[in-house]
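Residue strings, one per chain:
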Amino acid sequence: MTILIASQNKKDVSAWHERLAEHLPGADVRHWTEDYDKAAVETVLMWKVPTDFLFDLPNLKLIQSLGAGVDHLVGAALPHHVPLARIVDPWMTGSMSEFILMNVLRFFRYDPAYRHLQAEGRWEDLGTPDRFETPIGILGMGELGQDAARKLRMMEFPVMGWSRSPKTVEGVESYTGRDGLGRMLRQASILICLLPLTQETRGLIDAEIIGLLPRGAYFINAARGGHVVDADLLAALDSGHLAGAALDVFEPEPLPADHPYWTHPKVILTPHIAADTNARTAARQIAENIRLVRAGQKPNNPVDTRRGY
Ligand code: NAP
Ligand code: GLV
């Protein structure tokens, strides 16, 4: 049985080889650019590469996304008889919440303004903000959104979450539908995007949606660049409607060198690092999925390709 790693990064192979071997002793793990016997490939671990070669693997039993997001697969041609699974890993979820908390606190405690004051050598007290008066709205209340919501609640921020179906998370107000979205946005001092990128969510964050946020709100995007209409976000930052944005994801990636986000004074930019997949913690679930599909069962964390996530 061969496990093929189909990613742009060849160095991934050694990490996955070592970790998968702990759970699947003797597993033959190869990068898709190496030689391999097509008939021996039962599992492909996929990350952002063209999918056409999947149709040439006659014994393929599992397509496993190497990330939580599956937008790189859902829109592509896939052998639909083969189950598709994604990563849901508490380590990754914790990393994402660290990233969200870091940026919420950065904006909430006026850190960008204090950096400017420091650069100008000015000693100036901007006052102490009130967390009870700083409602936070989260778009997407799945694995990542719910964990961020709980941790923000632990810090006593008012938290609201928007999802397709209603959610019960202690202390968090749940909103659904377009009406619910509007009601949440009108109250949100900080808006966080943790949605999957689907046909329904692509371009969701446009001038109309941003315009519903109170003046001076902040925006944090750790989901996908395709959720945002960049020109509308830049216009809202330039007009002062938004006070700042922390952006981890872009379309395309890497972000082109001449993109205005790089130098925008109100943008805090990171290169898609909010929550990486960790081979050490994720190998166990991949090994379990391989065992399940070999036994003719469905994998854990399956993707509904019709729904898009
Ligand atoms: P998930 O568990 O599938 O949760 C998705 C959430 O979005 C669910 O609450 C879902 O609602 C909601 N949703 C989907 N479509 C919607 C729509 N049209 N309207 C309203 N709500 C909608 O996903 P996750 O594991 O939390 O991951 C979310 C995304 O984070 C991934 O898809 C990926 O793009 C991104 N991500 C980024 C990084 C990074 O490093 N920047 C790392 C990991 C993941 P229901 O609950 O009602 O289904
Ligand atoms: C990263 O962006 C992921 O989807 O896991």
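This is a predicted model, so every value here is computed, not measured.

1. So, the domain arrangement of the protein chain
Splitting the protein chain by domain gives domain 1 (2–89 + 277–294) and domain 2 (93–269). Centre-to-centre separation of domain 1 and domain 2, based on C-alpha positions: 33 Å. Counting residues at the interface gives seven residues for domain 1, matched by five residues for domain 2. Carbon and sulfur atoms supply 40% of the area buried between domain 1 and domain 2, which totals about 480 Å² over both sides. In terms of surface lost to domain 2, no three residues of domain 1 exceed D71, V88 and D89, which account for 65% of the buried area on that side. Viewed at the interface, domain 2 and domain 1 are joined by two salt bridges. A salt bridge links K48 to E253; the nearest nitrogen and oxygen atoms lie 3.9 Å apart. Here domain 1 and domain 2 share two residue pairs in polar contact (both at pLDDT 80 or more) between them.

2. Looking at the site of ligand 2
Contacts to ligand 2 come from W47, G67, A68, G69, M92, R224 and H272. A68 has a polar backbone atom sitting 2.7 Å from an oxygen atom of ligand 2. Contacts to ligand 2 include R224, whose side-chain N or O atom sits 2.7 Å from an oxygen atom. Protein burial of ligand 2: of its 190 Å² of free accessible surface, 87% is covered by the chains. Residue composition of the shell around ligand 2, grouped by class: three nonpolar, three polar and one charged.

3. As for the packing of aromatic side chains
Counted under the stated rule, the structure contains four aromatic pairs. Between W32 and F53, the aromatic rings sit 5.1 Å apart at their centres with planes inclined by 50 degrees, giving tilted as the arrangement. Taken as a pair, W32 in the loop between β2 (28–31) and β3 (41–47) and F53 in the loop between β3 and β4 (62–65) lie far apart in primary sequence, 21 residues in all. Here the aromatic rings of F108 and F157 are separated by 5.0 Å at their centres, their planes lie at 80 degrees, and the arrangement is edge-to-face.

Parameters at a glance
Residues numbered from 1 in each chain as written. Chains lettered and ligands numbered in written order. Predicted model: local features only at pLDDT ≥ 70, side-chain atom pairs only at ≥ 80, totals over all residues. Heavy atoms only, no water. Domains from an automatic or database assignment. Contact = heavy atoms within 4.5 Å. Buried area = accessible area lost by both parts, 1.4 Å probe. Salt bridge = Lys/Arg side-chain N within 4 Å of Asp/Glu carboxyl O. Polar contact = N/O pair within 3.5 Å; in protein donor to acceptor, adjacent residues only side chain to side chain. Near = heavy atom within 4 Å. Areas by Shrake-Rupley, 256 points an atom, 1.4 Å probe, with all protein chains shown as cover. Nonpolar A, V, L, I, M, F, W, Y, C, P; charged D, E, K, R; others polar. Phe/Tyr/Trp six-rings, centres within 6.5 Å; stacked < 30°, edge-to-face > 60°. Helix = DSSP H or I, 4+ residues; strand = E, 2+ residues; numbered from the N terminus.

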